[in-house]
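# Observations on the three-dimensional arrangement
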Amino acid sequence: MESKPPRPSSYLALAIISTIMCCLPIGIVSIIYATKVNSAYEDGKYSEANKASKNAKTWGLISVGVALLGFVIYLLIFGVAFLGILGSSAR
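Residues numbered from 1 in each chain as written. Predicted model: local features only at pLDDT ≥ 70, side-chain atom pairs only at ≥ 80, totals over all residues. Heavy atoms only, no water.

### A closer look at the overall build of the protein
Regarding its fold elements, the protein presents 3 helices and 0 strands. Starting at the N terminus, the α and β elements of the protein follow one another as α-α-α. Relative to the globule expectation of 12 Å for 91 residues, the C-alpha radius of gyration of the protein, 20 Å, shows a markedly less compact shape. For the protein, with 91 residues in total, the buried portion stands at 21%. Expressed as a percentage of contacts within the protein between residues at least 6 apart in sequence, the contacts between residues at least 24 apart total 66%. If you sum the accessible surface of the protein, you get close to 6500 Å²; carbon and sulfur atoms cover 70% of it. The averaged location of the 4 negative side-chain charges in the protein is 16 Å from the averaged location of its 8 positive side-chain charges. (Helix = DSSP H or I, 4+ residues; strand = E, 2+ residues; numbered from the N terminus. Rg over C-alpha atoms; globule rule 2.2 N^0.38 Å. Buried < 20%, exposed > 50% of the residue type's maximum accessible area, 1.4 Å probe, protein only. Contact = heavy atoms within 4.5 Å. Areas by Shrake-Rupley, 256 points an atom, 1.4 Å probe, with all protein chains shown as cover. Lys, Arg positive; Asp, Glu negative; His and termini not counted. Charge placed at Lys NZ, Arg CZ, Asp CG, Glu CD.)

### A short note on unusual backbone geometry
Even without a glycine there, the phi angle at Y11 is positive, about 55°. Inspection of the secondary structure puts Y11 in the segment before α1 (12-21).

### Observations concerning the confidence of the model for the protein
Mean pLDDT for the protein: 91, with 95% of residues reaching 70 or above. At the level of individual helices and strands, the protein shows its lowest average pLDDT in helix α3 (residues 46-89), which scores 91, and its highest in helix α2 (residues 24-42), which scores 94. (pLDDT = per-residue confidence, 0-100.)

### Here we look at α1
Among all positions of α1, only A15, S18 and T19 are buried. Angular distribution of buried residues about the axis of α1 spans 100°; they occupy a single face of the element. For α1, the exposed residues set more than 90 degrees away from the buried face come down to A13, I17, I20 and M21. (Arc of directions from axis to C-beta.)

### Some details on the pattern of salt bridges
When charged atoms on two side chains of opposite charge get close, those side chains can pair. Applying the stated criterion across every chain, the model contains 1 salt bridge. When the shortest N-O distance is used, the salt bridge between R7 and E42 registers 2.5 Å. With R7 in the segment before α1 and E42 in helix α2, this pair connects stretches of sequence that are 35 residues apart. Take E42: its relative accessible area is 46%, and that puts it in the partly exposed class. (Salt bridge = Lys/Arg side-chain N within 4 Å of Asp/Glu carboxyl O.)

### Observations regarding the environment of I31
For I31, the location among the structural elements is in helix α2. Relative accessible area serves as the criterion here: at 24%, I31 is assigned to the partly exposed category. C-alpha of I31 to C-alpha of A15: the two residues are 16 residues apart in sequence and 5.1 Å apart in space. Excluding residues that lie within four positions of it along the chain, I31 makes contacts with A15, I16 and T19.

### A few points about α2
Its 19 residues give α2 an end-to-end C-alpha distance of 28 Å, which sits within 8% of 27 Å, the value for a rise of 1.5 Å per residue. Restricting attention to buried positions, one finds in α2 the residues I26, G27, S30, A34, V37, A40 and Y41. Positive phi shows up at G44, right after α2, with a value of about 85°. (Expected span 1.5 Å × (residues − 1).)

### Comments concerning the side chain of S63
Relative to the assigned elements, S63 resides in helix α3. The contacts of S63, once residues within four sequence positions are left out, are S18, C22, C23, I26 and G27.

Structure (structure tokens):
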């Protein structure tokens, strides 16, 4: 009997958290890949399960990165506007 390779991580928690807290469209892609990991593994498609695992992690991290980039841009825009208001009121 052939032994199975270890089950790859599905990164479902990362996918769900990144969808709820960060970036909905990209997080959904991560969830889709994360849900494919277990079914592919159980079907004996180990390389497909590994690929889905890597894609779930990648898209989850991209989602978090996009959210962080958006937050930085938000802070820059409103930080500059706030400093502009403070500068004009001091005159």
